[in-house]
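Fold and geometry: a report
As a plain string of letters, each chain reads:
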Amino acid sequence: MRALLITNPNSTGQRPEVMRQVLAHLLPLPGLRLKSVFTHYPQHAVELCAGLTRADYDVVIGVGGDGTLNEIINGLLGGDAAGSEGAADDTDPTRIAEAEPGAPAPEPAELPALALLPTGSANVFARALGFPQDPVAAAELLARLLREDLRRTIHLARWNGNWFGVNAGFGIDADVIARMERARSRGFAATPLLYLTTSLLAWNRIRRDPPQISVRATSVDGGEMELDDLPLLFASNTNPWTFLGPLPVVTNPANSFDRGLGLFGLTHLDGVGGVAGMLHLLGMGHSRWFERFIEKRTVRVDDAADLTLRSVRPRNFQVDGELAGEFDEIRLHTVPDAIEVFAPREETRFSDRPLRQVLRDFLRWH
Ligand SMILES: Nc1ncnc2c1ncn2[C@@H]1O[C@H](COP(=O)(O)OP(=O)(O)OP(=O)(O)O)[C@@H](O)[C@H]1O
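Conventions used here
Residues numbered from 1 in each chain as written. Predicted model: local features only at pLDDT ≥ 70, side-chain atom pairs only at ≥ 80, totals over all residues. Near = placed C-beta within 6 Å. Helix = DSSP H or I, 4+ residues; strand = E, 2+ residues; numbered from the N terminus. Nonpolar A, V, L, I, M, F, W, Y, C, P; charged D, E, K, R; others polar. Expected span 1.5 Å × (residues − 1). Buried ≥ 20, exposed ≤ 12 C-beta atoms within 10 Å, placed from the backbone. Core = buried A, V, L, I, M, F, W, Y, C linked by C-beta atoms within 7 Å. Domains from an automatic or database assignment. Contact = placed C-beta atoms within 7 Å. Pairing = 2+ DSSP bridges. Arc of directions from axis to C-beta. Axes fitted to C-alpha atoms, helices over the stretch in contact; angles between N-to-C directions. Parallel < 35°, antiparallel > 145°, perpendicular 65-115°, else oblique. Left-handed = near helix turned anticlockwise from the far one by under 90°.

Remarks on the site of the ligand
By nearness alone, 23 residues border the ligand, and Pro 42, Gly 64, Gly 65, Gly 67 and Gly 120 come closest of all. Here the shell around the ligand takes four residues from helix 3 (residues 66-77), the largest share from any one element. Here the shell around the ligand is composed, by residue class, of four nonpolar, 16 polar and three charged.

Right, here's the structure in full:
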């Protein structure tokens, strides 16, 4: 088996000692021919993966966080990375509405399969696939998956021709990422506690100045939905949508890598309903009575094929945890069976954890 290991030295948990232990699990695999490279700058992983086929490598193993994953899938599947870079100043809705949805995706069997070892801060993709947060434990699991050739094909998603694996949206998620990037540039570590504090500040800000997002969604079975003036809206390819340390933010419990995009929104942020919505986002309140209570205040689609999000004015837009620029209109769609991944077969059902377990995990993490 020929493997390309792409390591992002800038990812939060990357250390030489971690790499040594990761390689100690992978190198003894019989028949493995491993080439190891480091990324030298943002978007380098896109260049490293562009045009690779199964004839070059059987598997590309990313060592990094969700940003590294995003670059690898855009390289392998042919995303328009230049388009996302240039998007920062492009807020002309006409141009975006007419944007090409992107070149057709290659067949999964023609591409190297994908694997990811989590050395980022959130690592939503790797953890939602069932990998442990610790990269060395994840490498041990990956070694077994490679040895037994345990792979599955998963859905990915596109935005204006580019690809994403985890989530995308404009609103509070993008604002939190913008604030986190500012904090990191000032030398603060991207700890879960900083994420939590930043999220609460951003929540307070959008309560005072709600973004007014409208959405048009078509589900895989052809159903349609149109809503306006939502203060909060997320689109996700994974379940959970994100993690705050051990705390999974579960927006769409029925969502998975085998279904269309999940869409989750809140209609109001104020009052008891607003607090309930926030608790729900923090992984609490998946009991039947709580679900019924917030049902009237939430918008949820678990299997969306196509989505158009609009904001009354240009807002930060985030993709897989990285800022992609400011937009007032974005088109997203799901691509079924887009890529093979080495991952455990069994689904991880984060939303089934009882409240006691959620609280225990949260306290242990502190
Ligand atoms: N050599 C490098 N120097 C600086 N930045 C890099 C380098 N290689 C990759 N990058 C950039 O680092 C950014 C962050 O990477 P990544 O998302 O993998 O880690 P993270 O932010 O720690 O994790 P997570 O997204 O899971 O929170 C990516 O946007 C990527 O473009």
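A look at helix 3
Helix length check: helix 3, at twelve residues, gives a terminal C-alpha distance of 16 Å against a target of 16 Å (1.5 Å per residue), a fit within 8%. With twelve of its twelve residues buried, helix 3 lies for the most part within the structure. Among the residues of helix 3, Asp 66, Gly 67, Thr 68, Leu 69, Asn 70, Glu 71, Ile 72, Ile 73, Asn 74, Gly 75, Leu 76 and Leu 77 are the ones counted as buried. Positive backbone phi, at 90°, marks Gly 78, one or two positions downstream of helix 3.

Overview of the nonpolar core
Core analysis: the biggest nonpolar cluster contains 88 residues, and Val 60, Ile 72, Ala 115, Leu 263, Leu 307, Ile 339 and Val 341 have the highest contact counts within it. Examining the composition of this core, we find that nine residues originate from one element, strand 15 (residues 322-342), more than from any other. For this core, the domains that each give at least three residues are domain 1 (2-163) and domain 2 (167-336 + 349-365). With sequence-adjacent residues up to four places away left out, Leu 263 is seen in contact with Val 215, Ala 217, Ala 235, Val 299, Arg 300, Val 301, Ala 304 and Leu 307.

Concerning unusual backbone geometry
The phi dihedral of Gln 212 is positive, around 55°, even though this residue is not glycine. Among the structural elements, Gln 212 can be located in the loop between helix 9 (192-208) and strand 8 (213-219). A residue is classified by how many C-beta atoms lie within 10 Å of it, and Gln 212, with 15 of them, is partly exposed. Notably, Asp 229 is not glycine yet its phi reads approximately 60°, a positive angle. Residue Asp 229 is classed as exposed on the basis of its C-beta count, with 11 C-beta atoms lying within 10 Å.

Here we look at the pairing of strand 3 (residues 59-64)
Side chains on a regular strand alternate between the two faces of the sheet. In terms of burial, strand 3 is largely enclosed, as six of its six residues are buried. Relative to strand 3, strand 1 (residues 2-7) runs parallel, the two sharing five bridges. The partner of Leu 5 across the bridge, within strand 3, is Ile 61. As paired strands, strand 3 and strand 4 (residues 113-118) are joined by six bridges and run parallel to one another. Following the sheet pairing, Gly 64 is matched in strand 4 by Pro 118.

Describing helix 7 (residues 135-148)
The terminal C-alpha atoms of helix 7, which comprises 14 residues, lie 20 Å apart, in line with the 20 Å expected from a rise of 1.5 Å per residue. Taken residue by residue, helix 7 has Pro 135, Ala 138, Ala 139, Leu 142 and Leu 146 as its buried positions. Buried residues of helix 7, viewed axially, fall in a sector of 100°; they line one side. Turning to helix 7, the residues buried within the fold contact helix 1 (16-26), strand 4, helix 6 (124-128) and strand 15. Positive phi appears at Asp 149, one or two residues downstream of helix 7, with a value of about 55°.

A few points about the environment of Ala 174
Tracing the backbone shows Ala 174 in helix 8 (residues 172-185). For Ala 174, a count of 25 C-beta atoms within 10 Å gives the class buried. A C-alpha to C-alpha distance of 18 Å links Ala 174 and Gly 120, two positions 54 residues apart in sequence. For Ala 174, the contacting residues outside a window of four places in its chain are Gly 169, Arg 315, Asn 316, Phe 317, Gln 318 and Leu 323.

A few points about the domain arrangement of the protein chain
According to the domain assignment, the protein chain contains domain 1 (2-163) and domain 2 (167-336 + 349-365). Elements represented by at least two residues in the side of domain 1 that touches domain 2 include exactly helix 3, helix 5 (93-97), helix 6 and strand 5 (151-159). Counting residues per element, the side of domain 1 that touches domain 2 draws most heavily on strand 5, which supplies six residues. Here the residues of the side of domain 1 that touches domain 2 are counted per class, giving 16 nonpolar, eight polar and three charged.

Structural notes on the packing of helix 1 against helix 7
Look at helix 1 against helix 7: their axes get within 8 Å of each other, and the N-to-C directions meet at 15°. In terms of axis orientation, helix 1 runs roughly parallel to helix 7. Taken as a pair, helix 1 and helix 7 cross one another with a handedness that is right-handed. Residue-level contacts link Val 18, Gln 21, Val 22, His 25 and Leu 26 of helix 1 to Pro 135, Val 136, Ala 139, Glu 140 and Ala 143 of helix 7. For the contact of helix 1 with helix 7, the residue count by class is seven nonpolar, two polar and one charged.

Focus on the environment of Asp 270
In this structure, Asp 270 sits in the loop between strand 13 (261-266) and helix 10 (271-281). With 10 C-beta atoms packed within 10 Å, Asp 270 lands in the exposed category. C-alpha of Asp 270 to C-alpha of Arg 208: the two residues are 62 residues apart in sequence and 9.5 Å apart in space.

Some remarks on the environment of Trp 203
Mapping Trp 203 onto the fold places it in helix 9. In this structure Trp 203 comes out as partly exposed when scored by C-beta crowding, with 17 C-beta atoms within 10 Å. Sequence-wise, Trp 203 and Val 176 are 27 residues apart; in three dimensions their C-alpha atoms are separated by 9.0 Å. Those residues in contact with Trp 203 that lie beyond four places of it in its chain are Ile 172 and Met 278.

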